[in-house]
Amino acid sequence: MAPASQAEKQAEKLEYIWIGLIIVMLTSFLAILGYAAIAKGFTTPEDVVTCDVRKLDEQITPGIREVAPGVYEVNITARMWAFIPNEIVLENPQKVIFRITSADVQHGFEIVGTNVNVMVFPGYIAEVTWYPPEDMEGEYLILCNEYCGLGHQDMYGKLVIVRG
Ligand SMILES: [Cu+2]
């Protein structure tokens, strides 16, 4: 074997430097994760509501219910490629509780122009409590913003807020 040239020695030195850097980075990331989990108590959400996709019809009834004056519960099932119900009409809403689940794949639920934007996973019920501004009225677009298959671009709905 020929003796290593100066260039080869230089390359080997650089490789050790990079390996060292990677070890330092990985160790710091794991240390930060461990510190957050143990010392700060950061964990995955525990108040998650689950459901059985095979028995969805028994567990969630899509629709709008006014539970008190101005307080609405809206249950929504997202599926390829629609929201059920697809049109949500609310009269003078003050508080809206959305419960959204998916019957098949991962979807998104976004009301354009508001801060309602949530991922929807099969097997989980995403719950969003929303206080629409008092001057908000008219029609708003509801979009799926997670790519969910060939008909994804057709997956949208409508929120109508009626005041008066
Ligand atoms: Cu989609």
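Residues numbered from 1 in each chain as written. Predicted model: local features only at pLDDT ≥ 70, side-chain atom pairs only at ≥ 80, totals over all residues. Heavy atoms only, no water.

## Some words on the domain arrangement of the protein
Partitioning the protein into structural domains gives domain 1 (1-43) and domain 2 (49-162). If you average the C-alpha positions of domain 1 and of domain 2, the two centres end up 45 Å apart. (Domains from an automatic or database assignment.)

## Some words on the environment of Lys55
Looking at where Lys55 falls in the secondary structure, it is placed in the loop between strand E1 (49-50) and helix H2 (56-59). In this structure, the C-alpha to C-alpha distance between Lys55 and Ala103, residues 48 residues apart in sequence, is 9.7 Å. (Helix = DSSP H or I, 4+ residues; strand = E, 2+ residues; numbered from the N terminus.)

## Observations regarding the coordination of the copper ion
Each donor-metal-donor angle would ideally measure 109.5 degrees in four-coordinate tetrahedral geometry, or 90 or 180 degrees in six-coordinate octahedral geometry. The protein atoms donating to the copper ion are Cys144 (SG), Glu146 (O), Cys148 (SG) and His152 (ND1), with metal-donor distances spanning 1.9 to 2.6 Å. Each of the four donor atoms bound to the copper ion contributes to angles spanning 84 to 124°, and the resulting shape is irregular. (Donors = N, O, S within 2.8 Å, 3.2 Å for Na, K, Ca; no water. Tetrahedral: all angles 85-135°; square planar, octahedral: opposite > 155°, others 65-115°.)

## Here's the deal with the nonpolar core
Counting residues in each nonpolar core, the largest one holds 25 residues, and the members touching the most others are Phe98 and Phe109. Counting only elements with at least two residues in this core, the list comes to strand E3 (71-79), strand E5 (87-91), strand E6 (95-102), strand E7 (107-111), strand E8 (117-120), strand E9 (124-130) and strand E11 (156-162). When residues in this core are grouped by element, the largest group, four residues, is from E3. Setting aside residues up to four positions removed in sequence, Phe109 forms contacts with Ile76, Phe83, Phe98, Ile100, Val116, Asn117, Val118, Val120, Ile142, Leu143 and Asn145. Counting residues in hydrophobic clusters, the runner-up holds five residues, among them Cys51, Ile60, Ala103 and Ile125. (Core = buried A, V, L, I, M, F, W, Y, C linked by side-chain atoms within 4.5 Å. Buried < 20%, exposed > 50% of the residue type's maximum accessible area, 1.4 Å probe, protein only. Contact = heavy atoms within 4.5 Å.)

## Considerations on unusual backbone geometry
Peptide bonds are mostly trans, and most non-glycine residues show a negative phi. Backbone torsion omega between Met80 and Trp81 reads -5°, so that peptide bond is classified as cis. For Trp81, the location among the structural elements is in the loop between E3 and strand E4 (82-84). The omega angle of the peptide bond from Ile84 to Pro85 is 0°, so this bond is cis rather than trans. Mapping Pro85 onto the fold places it in the loop between E4 and E5.

## Let's talk about the packing of aromatic side chains
One pass over the structure, following the stated rule, counts three aromatic pairs. Look at Phe83 and Phe109: their rings are 5.6 Å apart centre to centre, the planes differ by 85°, and that puts the pair in the edge-to-face class. On the criterion of sequence distance, the pair formed by Phe83 in strand E4 and Phe109 in strand E7 is long-range, its members being 26 residues apart. Overall, Phe109 belongs to the buried group, its relative accessible area being 1%. Joined through ring pairs, the aromatic side chains of Phe83, Phe98, Phe109 and Trp130 make up one cluster. (Phe/Tyr/Trp six-rings, centres within 6.5 Å; stacked < 30°, edge-to-face > 60°.)

## Description of the pattern of salt bridges
Under the definition given, this model contains five salt bridges. Note that Glu73 and Arg65 form a salt bridge whose closest N and O atoms lie 2.6 Å from each other. A salt bridge links Lys158 to Glu139; the nearest nitrogen and oxygen atoms lie 3.7 Å apart. Highlighted residues: Lys158 in strand E11 and Glu139 in strand E10 (residues 138-143), separated in sequence by 19 residues. Here the residues in one salt-bridge network are Arg65, Glu73, Arg99 and Glu127, joined through shared partners. (Salt bridge = Lys/Arg side-chain N within 4 Å of Asp/Glu carboxyl O.)

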